[in-house]
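Single-letter residue listing:
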Amino acid sequence: MQKSTAPASQPTLQIRPARSADVLGIVALSARVYGEEFCYTNEMVHGQLSHFPQGQFVAELEGKIVGYCATFRVSEEIALSPHTWRTITGGGFASRHDAEGDWLYGMEVCVDPAHRGLRLGRRLYDARKRLCTSLALKGIVFGGRLPGLSRRIKKYGSAEAYVEAVVQDRVRDGTLSFQLRNGYSLLGLLKNYLPSDRESLGWAAHLVWRNPGRAEHPAIARVQDGGKLPDVVRVATVQYQQRRIASFDQFAAQVEYFVDVAADYNADFVVFPELITLQLLSVENAPLSPADSIRSLTSYTQVYGDMLTRLAVRYNINIIGGTHPTHMPDGDIHNNCYVALRDGSLHVREKLHPTPNERRWWKISGGEGAQTIMTDCGPIGIMICYDSEFPELGRHLTDQGALLLFVPFCTDVRQGYLRVRYSCAARAVENQVYVVLSGNVGNLPGVNNFDIQYAQSCILTPCDFHFAPEGVAADTTPNVEAVAFADLRIDALLQARASGSVQNLKDRRHDLYQLNWRKHQATPE
């Protein structure tokens, strides 16, 4: 076979760092965009390249400069305070560049009018974001033009009213609308930002894009000891087989086996199913009514909590211990989830929504509180089985900063399981969080109202480019005992919330609706 000797073709369009040889081309571009009166000079562009060479980019099409992006670093105090273009850029020379500045200031993006169908502006904005991320800066700030303002000032009466209409998508501005679609948020307005900009009447939108890797997420400030969230959280979910046992020690040995397995795989969390302790009813194997059966289990509360705490510390892992019927001080029986952290603390979270069968047969009452739990991997939330079918709870936990929601569940047939799974998938999408499900399989003959089990435990994600296909990070085979693992990236959540295809949390209409929870007395932990 004869080999081809044709040389590889060169790219006709590229976004690349600007260099000294591009100065004349950049100046010529600015003249085409702004006119000779307001274009950059050679000295200005040389100054920009000298102060911060890695912050300047060009779009080159077939050897011609058709786009330019200029940036420099500034302190937060300067970036977020009122300013004008001339004062913050040092007259266009980028002379206020601060090598220690923690924000990237966008002083320029311009595109040749003859080539505006190639999305060059978007490409240059993306290059700027990549630079910000690579330098681990807090974000990008700049003053954005308002070219539609001069035409609509009579209708809206003020720059503030016009910008509000653009933000609410009631009117389109050629520049601001584009920037909002690209993930920038409005900080306010800058008066007399660029007096020569007649279309904008001298005004500019003060815009910010926050680096998702350093986003001011509520979770970050609350991590223990002011530490940083881990990049990856490894989660293990146990699909637990119910079987007859002869003693509590035998039950504890089975639980310890799975904790040991998860710890050997360096998991941060291991999750067990709802009502896992109903297995203990097979110890005495006494013919009790459903309500009496549940009441008898409450005698194991102390020893069960002690076991989870011991295992969490010994194996250095956080344990979502499933649920256990618990006798409350007011005499009610609640279906409570016990969470043992590897620092030795034990937390209790109540099931808020008992199912009709739980209320009828087991006389279980619903709890009151729904607080997140702070862990060394950030805040987590607990939704116990039926709780996951109520979107208010998932949103309430997310509003408190939860990044992971854990769902111990217990379902008897596939239809019941799918109600839980589909609800959890919805919670993952609408709250942009990870949701981890753990269910029972197997049978316990003779245990009232706990005859058969159906489960397919799984780890669910939002549905976006940042995550696994179909929104499933890990799945198990239905109705067999198994353990599933997944590495969950926290930064992917923050990136999706900041700049995902959809941004459910950011786009909520707080002006139309809100979620209010009744105040209650917190349960001591």
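Structure report, in brief. (Residues numbered from 1 in each chain as written. Predicted model: local features only at pLDDT ≥ 70, side-chain atom pairs only at ≥ 80, totals over all residues. Heavy atoms only, no water.)

1. Some points on the packing of helix α10 (residues 248-264) against helix α13 (residues 301-315)
The interhelical angle for the contact between α10 and α13, taken along N-to-C directions, is 30 degrees, at an axis separation of 11 Å. In this view, α10 runs roughly parallel relative to α13, as classed from their interaxial angle. Here the hand of the crossing between α10 and α13 comes out right-handed. Taking contact as the criterion, the partners of Phe248, Phe251, Ala252, Val255, Glu256, Val259, Asp260 and Ala263 in α10 are, on α13, Val303, Tyr304, Met307, Arg310, Leu311, Arg314 and Tyr315. (Axes fitted to C-alpha atoms, helices over the stretch in contact; angles between N-to-C directions. Helix = DSSP H or I, 4+ residues; strand = E, 2+ residues; numbered from the N terminus. Parallel < 35°, antiparallel > 145°, perpendicular 65-115°, else oblique. Left-handed = near helix turned anticlockwise from the far one by under 90°. Contact = heavy atoms within 4.5 Å.)

2. Here's the deal with the sheet that holds strand β6 (residues 185-190)
On the basis of which strands lie adjacent, the open sheet formed by seven strands has the order β1-β2-β3-β4-β5-β7-β6 and mixed pairing. Each end of this open sheet is capped by a strand with a single partner; those strands are β1 (13-17) and β6. Averaged over all pairs of adjacent strands, the angle between their axes in this sheet comes to 25 degrees, without regard to strand direction. Across the sheet, helix α2 (residues 42-51) lies against β2 (56-61), β3 (64-74) and β4 (103-111), angled at about 55 degrees from β3, the strand it touches most. (Pairing = 2+ DSSP bridges.)

3. Details of the packing of aromatic side chains
Here the structure, examined in full by the defined rule, presents 20 aromatic pairs. Geometrically, the ring pair formed by Phe269 and Phe406 is tilted, given 5.0 Å between the ring centres and 40 degrees between the ring planes. Taken as a pair, Phe269 in strand β9 (residues 269-271) and Phe406 in strand β16 (residues 404-409) lie far apart in primary sequence, 137 residues in all. Both residues of the pair, Phe269 and Phe406, count as buried. Each ring, one from Tyr386 and one from Phe390, has its centre 5.0 Å from the other, and the planes form 75 degrees; the classification is edge-to-face. Note on Tyr386: relative accessible area 23%, which makes it partly exposed. Each member of the aromatic cluster is reached from another via a ring pair, and the members are Phe248, Phe251, Tyr300, Tyr304 and Tyr338. (Phe/Tyr/Trp six-rings, centres within 6.5 Å; stacked < 30°, edge-to-face > 60°. Buried < 20%, exposed > 50% of the residue type's maximum accessible area, 1.4 Å probe, protein only.)

4. Looking at helix α16 (residues 414-431)
One full turn of an α-helix is made of 3.6 residues, so residues set three or four places apart face in the same direction. The end-to-end C-alpha distance of α16, which contains 18 residues, comes to 25 Å, matching closely the 26 Å that a straight helix rising 1.5 Å per residue would cover. Along α16, the residues that are buried comprise Gly416, Tyr417, Leu418, Val420, Arg421, Ser423, Cys424, Arg427, Ala428 and Asn431. Where α16 is buried, its residues touch α15 (391-399), β16, β17 (434-442), β18 (458-460), β19 (472-475) and α17 (490-499). Directly beyond the C-terminal end of α16, a positive phi value near 50 degrees is found at Gln432. (Expected span 1.5 Å × (residues − 1).)

5. Structural notes on the environment of Gly321
With respect to the element layout, Gly321 can be found in strand β10 (residues 318-327). Of the residues examined, Gly321 reaches a relative accessible area of 1% and is grouped as buried. Considering only alpha carbons, one finds Gly321 and Pro408, 87 residues apart in sequence, at a separation of 8.5 Å. Apart from the residues lying within four places of it in its own chain, the contact partners of Gly321 are Phe272, Ile276, Tyr304, Leu308 and Tyr338.

6. Quick word on the pattern of salt bridges
One side chain can pair with another of opposite charge once the charged atoms of both are near each other. Under the counting rule described, the total for this entry stands at 20 salt bridges. Here Arg16 ties to Glu60 by a salt bridge, and the two come within 2.7 Å at their closest N and O atoms. Separated by 44 residues along the polypeptide, Arg16 in strand β1 and Glu60 in strand β2 bring together distant segments of the chain. Salt-bridge contacts for Lys138 lead to Glu76; the nearest nitrogen and oxygen are separated by 2.8 Å. Here the residue Lys138 occupies a position in the loop between α5 (120-134) and β5 (139-144), and Glu76 occupies one in helix α3 (residues 76-79), the gap between them amounting to 62 residues. (Salt bridge = Lys/Arg side-chain N within 4 Å of Asp/Glu carboxyl O.)

7. Focus: unusual backbone geometry
A positive phi angle, close to 65 degrees, is found at Asp169, a residue other than glycine. On the secondary structure map, Asp169 appears in the loop between α7 (159-167) and α8 (176-181). For Leu201, which is not glycine, the phi torsion reads 55 degrees and is therefore positive. Its location among the elements puts Leu201 in the loop between β6 and β7 (204-210).

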